[in-house]
Every structure is written in C-alpha cells, then in structure tokens.
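Each chain is listed here by its residues.
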Amino acid sequence: MDIVSPILDVACCLWDSTAKRAVYIRELPENLNSLRTAMEELKNVYKDVNENVDREEKLLLKKRTHVVDGWIQSVEAMEKEVTDLLAKGDGEIQKKCFGTSYCPKNCRASYKIGKMVLRKMEDVAFKKTESLNFSVVAEPLPSPPGKERPLDKTVGLDSLFDLVSMQLQDEKVGSVGLYVIWVTVSRPASVEKVQQVLFNKLGIPSHKWEGRSEDERKEVFNALKTKKFVLLLDDMWEPLDLFALGIPPVNNGNKSKVLFTTRFSTVCLDMGAKGIEVKSLAWEEAFVLFQKYVGEDTINSHLDIPKLAEIVAKECAGLPLALITIGRAMAGTKTPEEWERKIHYGESSVFAFSIHLYYEINCNKLVQLWFGEGFLDESSDIKKARNAEDIIESLNHACLLVIHYPNYAKRLEKFVKMHDVIRDMALWLACQNGNKKQKRFVVVDEGKLVTAQEVEEWKGTQRISLVTPTFEDHIESPSFPDLQTLLLFFNSLKPSSLPSGFFSYMPNLTVLDLGNHFDLDDLPMEISKLDFDIE
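What this report covers is the structure whose coordinates are included nearby. (Residues numbered from 1 in each chain as written. Predicted model: local features only at pLDDT ≥ 70, side-chain atom pairs only at ≥ 80, totals over all residues. Heavy atoms only, no water.)

Time to look at the environment of Leu 530. With respect to the helices and strands, Leu 530 occurs in the segment after strand S15 (511–513). Residue Leu 530 is classed as buried on the basis of its relative accessible area of 11%. Along the backbone, Leu 530 and Ser 504 are 26 residues apart, and their C-alpha atoms lie at a distance of 8.3 Å. The residues touching Leu 530, leaving out its near neighbours within four places in the chain, are Phe 503, Met 506, Leu 509 and Leu 512. (Helix = DSSP H or I, 4+ residues; strand = E, 2+ residues; numbered from the N terminus. Buried < 20%, exposed > 50% of the residue type's maximum accessible area, 1.4 Å probe, protein only. Contact = heavy atoms within 4.5 Å.)

So, in structure tokens, the structure goes:
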C-alpha cells in the first residue's frame, strides 16, 4: 500500500500555507512603507477633491454630491485606520529578536498585522481609483421657494403696509395692485420673459421649456396648482395675462395671492385687482427721510443748514426716491454757501429743469444748452464753464449722472447719461409734481405717435423734447406762447416732417436744438420768423 504520496501532499500543503504566512511576516517592513506612501498619495487626492468642493460650494453656491460626500468621509475614516495600523506595525517590528535584522518574537501577531497591511493597501488604491470618476463634485442648489431680503426701516409706510397686509389676508381678495405716481421705468414685460423668471424661481429644468411656445409651457401651472403661493410682479406697464403665464386662478379655494406694482390705476382695473394708491409722503415724514440721508453731522454743522435743507426737501414733493437721491447728494455739504450754490445750480434747479430732457449728451453740448437756458450766473464764460463742470461732477458723485468716454483710451469727448429712474423722477418733479394739467415739460420718446389732442395740450408748455416722433395727419398749426426751449432729435426724419406751421407761433423761444444734423438742406419756412440766433 502506497502511503508516501498522501504524506507528500499533506507536506506540500503545509509548506505552501507556511510560505504564504512567512511572506506576510518577512515583507512587513516593506509593506508598511508602501502603505504609508500610498496613504500620502490618497491624502493629496483628498485635498484636491476637498478644495474643488469648497470652491464650488462657497463661490458658486452649489452642494456637494452624495457620492463625493461619502467618499470624503470614507477617506477621513480610512486615514485614522491606516495611522493606527502603521503604529501597530512599527511597534511590532521594534519587538524583533536580539541580533537579527527582523525576526519577530511573536510570529502570530506579525502575521495578522502583515495580512491587514496588504488588505489596507488594496483599499487605499481602490479609493484613489474612485476619485478619477469625479467629473462633477457639486450640483446647483434648487431655487428656494422664497428668499429673505434685508429691509431698512421704512418711513411713512406703516399704514400702507398694514393695509396691504390686511388685503393679503382677506380670503375674498385674489390680487392686489399698488399704483404709484411713478415707479422704475422699464419696458413692458413679455409673457415669455416673465415665464423664464418663474421657471428659474420654481427650479424647473430648462430642457422642459426652452424652445417651446407659450401654449406648450404648462410646467408653471403644474408646479403651482397644488401650492398656496404669493406672486409678486413689479412695475407693470400694462395688464398681464396670468393665464398665459400659467398662473392658476387665485380664489377663495387655494388662498393664493397676486401682488403687483404699477404706475397706472387702469392696470389695477384691467387686472381685476384691489387697487391701493401709494401716495407721496407727508411733509413731516418726507423731511425725516431727507435728513436721514443728508446725515445728522451735516444737518448740525451750521445753524442755517436746517432751514436750507427744508427748502431742498420741499422741492422733492414727498417723493421717496427724490428725497433719498438728493439727500445723498447734499451729504457732506457743511456750509450755507455750498448749500445755496447747489440749490441755485445743481441738484434742485439744473437737475430738474434741463438734464432730464436727455438720454445721453456730450458734456460740452450740455454746457452750451445751460448757457442758453440761463441756468448759469452772469459771471465770465470761463467761470461759467468751471461752474458747469463742478455741477456735472457733483451730480456724478451723487449717482445722478454717469460719466463715460466713448473712446476711453484717448478720453477726448466726455458724455453723461442718466438712469431711466432718475430721469423720470426729475421730469416728474419739474412737471408740477406730476400734475398733468400743468405740462411745463413735454418729453416724447422715440417712435411714439403724437395725436392732435396731445399737441393741443402742449399750448402752455415751457420746454419740449422730441425724439424721432411720428405725428398724426392733418394736425392744425399749433400755438406755443410760453415755449422757451425746443429740442429736436431725429434719425432719418427731418424737421420738415413736423406738422405744418409747427414753428409759426413761438414768441418766447430762446433755445432751439436741431440735434447733430449738419447736412440739413431744408427747413420749414416759418422757422425764419423766430427771433434768435440758431445754433
């Protein structure tokens, strides 16, 4: 009977097993160094990933993905495990037999640690490989249903706020319209543009609405139909079709609300909304607001300044933006002489009576018009020019004007322009505080159709600015007995396109500006009757 072969097989198995275990023990020092190096490499990858995540979260306001967050946490846990394992391995090596390079006193313990080191090296390598798949480390945050905004202390709006709040809480009121004397001047919003804002606010992915028609965009309706919401629409020039926007009907059942602002009370009627008029501030409230932006230090810098401040504040006619804007312009003006100069030249007179007529104008041209208007005193031309430059700089520092250079490198020509809001405010102040019955100023924007009735209403106007207007046919020769300034800005049209006899009766006209038309070859015959020098 052959008993040698089985004995040899058992012996081979025992040898293989023993040899493998011996490798764990023999290569432990080398493997500990390899694990230490691999962990350092993984930590560098971890730092790169973490920096990318921090950058996207802090600068781009994104949120790290769950996969990346889990990887970061697992690497942090693994670093602790590796540190502990390296400490155990180093400690075990220190327990070697005396007189040998490495002969462990406890083979069983060294074997277990060696085996754990090899497995941990594999885990570290796997974590490093996982990081190669992180093409995206953070995703955009979904738009919140509402955003908190900082709110300064209001002046003179407590009763209005209470009234609006009461209307919003009334279940019978579906929409509320706030109509004001004027609000931010902007173009009428299209349904498409408003929808785009709603899509973004509601977090609706762009692929669901981009390139589709208004009728196909049902996502707004689907997102809001089961919610109780408050929709705020600012500065509406004309009625907006809420159904076309996808806004579900506001009624007693869903208790949702639509709140909008407009400067036309007719918009409230057309929208079927409860209209609330936002009136100008009462004098006491207006003066408190004005003093707040002028600053207590400036107001108390001289005994005469409070009285001068009242004069300027009264010209603002209770209009909050005017009080704030002019108040900021007067801040730091600490002598009565400076206040009187600014009252005479700047923010309250030149600002309200000339600048508002223009969108953008060359500074030299503007100064010439001021000369013609008589806004500057009787000093020499050089002093007048310096005063005008001071006024422009003062208005620029107060953010009432913006100075810019078409050719910034050479800075040869300086232009100024006015924000639409400021321009509209100045025009409102100049026109008897918005009293349409006393149209001292008329500004016709580009492309507007002017009717015969409107021309008739201009009879008592002092200053007119026309930007490429279109007139109705068969307008009778108008009469402008009080007109002092006429500014005409044309593109392809020429002054001859004005109604027949337009210049027939302007006995008090002192300034006529025909724009930058140097190639005029025909003028209305009646313009020769004007008794002044044409520039």
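Further remarks concern the packing of helix H3 (residues 66–93) against helix H4 (residues 107–130). H4 packs onto H3 with a crossing angle of 155° between their chain directions and a minimal axis gap of 10 Å. Comparing their axes, H4 and H3 come out roughly antiparallel. Our pair here, H3 against H4, has a crossing hand that is left-handed. Where H3 approaches H4, its residues Trp 71, Ser 74, Met 78, Glu 81, Val 82, Leu 85, Lys 88, Gly 89 and Glu 92 are matched on the opposing element by Ala 109, Ser 110, Ile 113, Met 116, Val 117, Lys 120, Asp 123, Val 124, Lys 127 and Glu 130. A breakdown of the residues in the contact of H3 with H4 according to their chemical character gives nine nonpolar, three polar and seven charged. (Axes fitted to C-alpha atoms, helices over the stretch in contact; angles between N-to-C directions. Parallel < 35°, antiparallel > 145°, perpendicular 65-115°, else oblique. Left-handed = near helix turned anticlockwise from the far one by under 90°. Nonpolar A, V, L, I, M, F, W, Y, C, P; charged D, E, K, R; others polar.)

Glancing now at the nonpolar core. Among the nonpolar cores identified, the biggest contains 38 residues, and Phe 290, Leu 323, Ile 326, Trp 339, Ile 392 and Val 416 are the most heavily contacted of them. Elements supplying a minimum of two residues to this core: helix H10 (283–294), helix H12 (305–315), helix H13 (320–330), helix H14 (336–353), helix H15 (363–373) and helix H16 (381–397). When residues no more than four places from it in sequence are discounted, the contact partners of Trp 339 are Phe 290, Val 294, Thr 298, Ile 305, Leu 308, Ala 309, Val 312, Met 330, Thr 333 and Lys 334. Core analysis: the next-biggest nonpolar cluster, separate from the first, contains 25 residues, Leu 35, Val 68, Ile 113 and Val 117 among them. (Core = buried A, V, L, I, M, F, W, Y, C linked by side-chain atoms within 4.5 Å.)

Below, the discussion takes up unusual backbone geometry. For Ala 317, which is not a glycine, the phi torsion comes out positive at approximately 55°. Along the chain, Ala 317 falls in the loop between H12 and H13. For His 474, which is not glycine, the phi dihedral falls at a positive 60°. Residue position: His 474 is located in the loop between strand S13 (470–471) and strand S14 (485–489).

The next subject is the sheet that holds strand S8 (residues 402–404). The three strands lie next to each other as S7-S9-S8, forming an open sheet whose pairing is antiparallel. Either end of the sheet is taken by a strand with one partner, and the two such strands are strand S7 (360–362) and S8. Ignoring which end each strand starts from, the neighbouring axes of this sheet average 25° apart. By the bridge criterion, three bridges tie S7 to strand S9 (residues 415–417) in an arrangement that is antiparallel. If you follow Asn 362 over to S9, its bridge partner there is Phe 415. (Pairing = 2+ DSSP bridges.)

What follows deals with the packing of aromatic side chains. According to the stated counting rule, one finds five aromatic pairs in the structure shown. Between Trp 283 and Phe 287, the aromatic rings sit 5.1 Å apart at their centres with planes inclined by 20°, giving stacked as the arrangement. Separated by four residues within a single helix, Trp 283 and Phe 287 lie in helix H10, roughly one turn from each other. For Phe 287, a relative accessible area of 13% translates into the label buried. By the ring-pair criterion, three or more aromatic residues cluster together here, those being Phe 471, Phe 480, Phe 502 and Phe 503. It is Lys 314 that lies over the ring of Trp 283; its NZ or CZ is 5.4 Å from the centre. (Phe/Tyr/Trp six-rings, centres within 6.5 Å; stacked < 30°, edge-to-face > 60°. Lys NZ or Arg CZ within 6 Å of the ring centre and 35° of its normal.)

A turn of α-helix holds 3.6 residues, and therefore any two residues three or four places apart point the same way. Buried residues of H12: Ile 305, Leu 308, Ala 309, Val 312 and Ala 313, and no others. Projected down its long axis, H12 carries its buried residues within an arc of 140°, all on one side. In H12, the exposed residues that point more than 90 degrees away from the buried face are Lys 307 and Lys 314. Downstream of H12 by one or two residues, Ala 317 has phi in the positive range, about 55°. (Arc of directions from axis to C-beta.)

On to the sheet that holds S15, then. Ordered by their spatial adjacency, four strands build an open sheet running S10-S12-S14-S15, and the pairing between neighbours is parallel. At either end of the open sheet lies a strand with only one pairing partner, and these are strand S10 (441–444) and S15. The mean angle between the axes of side-by-side strands here comes to 0°, regardless of whether they run parallel or antiparallel. Judged from the five bridges that link them, strand S12 (residues 463–467) and S14 form a sheet pairing that is parallel. The residue bridging Ser 465 from the neighbouring strand is Leu 487, located in S14. Contacting S12, S14 and S15, H15 crosses the sheet at an angle of about 155° to S15.

Bringing a negative patch on the surface into the picture now. Together, Asp 158, Asp 162, Glu 284 and Glu 285 make up a negatively charged patch on the protein surface. Elements supplying a minimum of two residues to the negative patch: helix H5 (158–169) and H10. Inspection of the secondary structure assignment puts Glu 285 in helix H10. Here Glu 285 falls in the partly exposed class, since its relative accessible area comes to 31%. (Patch = residues over 30% accessible without salt bridge, like charges linked within 9 Å, V, L, I, M, F, W, Y side chains within 5 Å. Areas by Shrake-Rupley, 256 points an atom, 1.4 Å probe, with all protein chains shown as cover. Salt bridge = Lys/Arg side-chain N within 4 Å of Asp/Glu carboxyl O. Lys, Arg positive; Asp, Glu negative; His and termini not counted. Charge placed at Lys NZ, Arg CZ, Asp CG, Glu CD.)

Once that is clear, we can look at the pairing of S14. Counting buried positions over the five residues of S14 gives four, a clear majority of the element. Of the strand pairs in this sheet, S14 and S15 are connected by three bridges, and their pairing is parallel. Each residue of the ladder has a partner; that of Leu 486, found in S15, is Leu 512.

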